[in-house]
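Single-letter residue listing:
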Amino acid sequence: MAVVRVLFVCLGNICRSPSAQGLMEKVLEEEGLADRVEVDSAGTHAFHVGEPPDPRAQEAAARRGVDLSGQRARRVTAVDFARYDYILAMDRENLAALEAACPPEHVGKLRLLMEFAPDLGFDEVPDPYYGGPAGFDRVLDLLEAAVRGLVEHLRRLHAAA
Ligand code: 4NP
């Protein structure tokens, strides 16, 4: 498999997309694909740039053996649209913000992450920022299913390359 680049995108880059990144890195490690897929995350807004993930996200992820503490929030940049092969939004608002900023030749890279877990009946990952801790566990359940679906997709599509 040639190196494939995946960028997870949410609003603030402190809850959903860093969690997706951490889960993805763990699954890739488990599957022996860590050197085949490059993963990062970013936000459509700059509210929290430079901050580590939300403590609630870090705690929920740590309970699943995923360490988010080294991540720092950043905003999506113009270079990301060229660099990444898959640019995966957590919700429709994030997707619309990406579509508005993306050069036309790269719009085919933009998708909703939950497309990779079609059986769950969720097309968006709900924003847990203003809710309680249970929301963070629910988010991780959705992200884990989608990330596993994404890894299977990458394995099938890119195995021969
Ligand atoms: P995220 O969650 O997009 O999953 O990182 C949020 C983080 C911050 C804010 C909203 C959502 N905020 O309004 O600051």
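Residues numbered from 1 in each chain as written. Predicted model: local features only at pLDDT ≥ 70, side-chain atom pairs only at ≥ 80, totals over all residues. Heavy atoms only, no water.

Trainee: What exactly am I supposed to notice about the packing of aromatic side chains here?
Mentor: All chains considered together, the criterion is met by 1 aromatic pair. Taking NZ or CZ as reference, Arg-83 lies 5.9 Å from the ring centre of Tyr-84, over its face. (Phe/Tyr/Trp six-rings, centres within 6.5 Å; stacked < 30°, edge-to-face > 60°. Lys NZ or Arg CZ within 6 Å of the ring centre and 35° of its normal.)

Trainee: Whenever I open this one, the packing of helix α1 (residues 16-30) against helix α5 (residues 133-158) confuses me. Can you help?
Mentor: If you want to describe how two helices pack, look at the angle between their axes and the distance between the axes. Axis separation between α1 and α5 bottoms out at 9 Å; the angle between their running directions is 50 degrees. Taken together, α1 and α5 sit at an angle that is classed as oblique. You can see that α1 and α5 cross each other, and the crossing is right-handed. Facing α1, whose interface residues are Arg-16, Ser-19, Ala-20, Leu-23, Met-24, Val-27, Leu-28 and Glu-30, α5 presents Val-139, Leu-140, Leu-143, Glu-144, Val-147, Arg-148, Leu-150, Val-151 and Leu-154. Its residues assigned to classes, the contact of α1 with α5 shows 12 nonpolar, 1 polar and 4 charged. (Axes fitted to C-alpha atoms, helices over the stretch in contact; angles between N-to-C directions. Helix = DSSP H or I, 4+ residues; strand = E, 2+ residues; numbered from the N terminus. Parallel < 35°, antiparallel > 145°, perpendicular 65-115°, else oblique. Left-handed = near helix turned anticlockwise from the far one by under 90°. Contact = heavy atoms within 4.5 Å. Nonpolar A, V, L, I, M, F, W, Y, C, P; charged D, E, K, R; others polar.)

Trainee: What is the right way to read helix α2 (residues 55-62) from this model?
Mentor: Helical periodicity: at 3.6 residues per turn, an α-helix aligns residues three or four positions apart in one direction. Of the residues making up α2, those classed as buried are Ala-57, Ala-60 and Ala-61. In an axial view of α2, the angular spread of the buried residues amounts to 100 degrees, which keeps them on one side of the axis. (Buried < 20%, exposed > 50% of the residue type's maximum accessible area, 1.4 Å probe, protein only. Arc of directions from axis to C-beta.)

Trainee: I tried to follow the nonpolar core on my own but got confused; where do I start?
Mentor: Burial of nonpolar side chains together is a common tendency in soluble globular proteins. In this structure, Val-6, Phe-8, Met-24 and Leu-143 are the most contacted members of the largest nonpolar core, which totals 38 residues. Going through the elements one at a time, β1 (4-10), α1, β2 (37-43), α2, β3 (86-89) and α5 are the ones with two or more residues in this core. The element best represented in this core is α5, accounting for 10 residues. Once you skip the residues sitting within four places of it in the chain, Val-6 turns out to touch Met-24, Val-37, Glu-38, Val-39, Asp-40, Tyr-84, Tyr-86, Leu-88, Leu-150 and Leu-154. Listed in part, the 13 residues of the second largest apolar core include Val-9, Phe-81, Tyr-84 and Leu-95. (Core = buried A, V, L, I, M, F, W, Y, C linked by side-chain atoms within 4.5 Å.)

Trainee: It is not clear to me how α1 should be interpreted in this structure. Could you clarify?
Mentor: Over its 15 residues, α1 runs 21 Å from end to end, which matches the ideal 21 Å to within 8%, given 1.5 Å per residue. Burial within α1 is extensive, with 11 of its 15 residues counted as buried. Residues of α1 that are buried: Arg-16, Ser-17, Pro-18, Ser-19, Ala-20, Gln-21, Gly-22, Leu-23, Met-24, Val-27 and Leu-28. Buried-residue contacts for α1 involve β1, β2, α2, α4 (92-101) and α5. Of the residues one or two after α1, Gly-32 is the one with positive phi, at around 70 degrees. (Expected span 1.5 Å × (residues − 1).)

Trainee: Is there a simple way to think about the sheet that holds β2 in this case?
Mentor: Sheets are built from strands paired through backbone hydrogen bonds, the pairs being either parallel or antiparallel. Taking strand neighbours across the sheet as the criterion, the 4 strands line up as β2-β1-β3-β4 in an open arrangement whose pairing is parallel. Single-partner strands in this sheet number two, and they are β2 and β4 (110-112). Adjacent strand axes in the sheet meet at a mean angle of 25 degrees when their direction is disregarded. As defined by bridge partners, β1 adjoins β3 across 4 bridges and the pair is classed as parallel. Residue pairing in the sheet places Val-6 in a bridge with Tyr-86 of β3. Where α1 meets the sheet, it contacts β1 and β2, and its direction lies at approximately 170 degrees from that of β2. Helix-sheet contacts for α4 involve β1, β3 and β4, and the interaxial angle to β4 is about 175 degrees. (Pairing = 2+ DSSP bridges.)

Trainee: Would you mind showing me how to read the pattern of salt bridges here?
Mentor: Any two side chains of opposite charge can pair if their charged atoms end up close together. Summed over the entire model, instances satisfying the criterion amount to 18 salt bridges. A salt bridge links Asp-141 to Arg-64; the nearest nitrogen and oxygen atoms lie 2.8 Å apart. Highlighted residues: Asp-141 in helix α5 and Arg-64 in the loop between α2 and α3 (78-83), separated in sequence by 77 residues. Residue classification places Asp-141 among the partly exposed residues on the basis of a relative accessible area of 38%. Several salt bridges share partner residues, and in doing so they unite Lys-26, Glu-30, Arg-63, Arg-64, Asp-137, Asp-141, Glu-144 and Arg-148 into one network. (Salt bridge = Lys/Arg side-chain N within 4 Å of Asp/Glu carboxyl O.)

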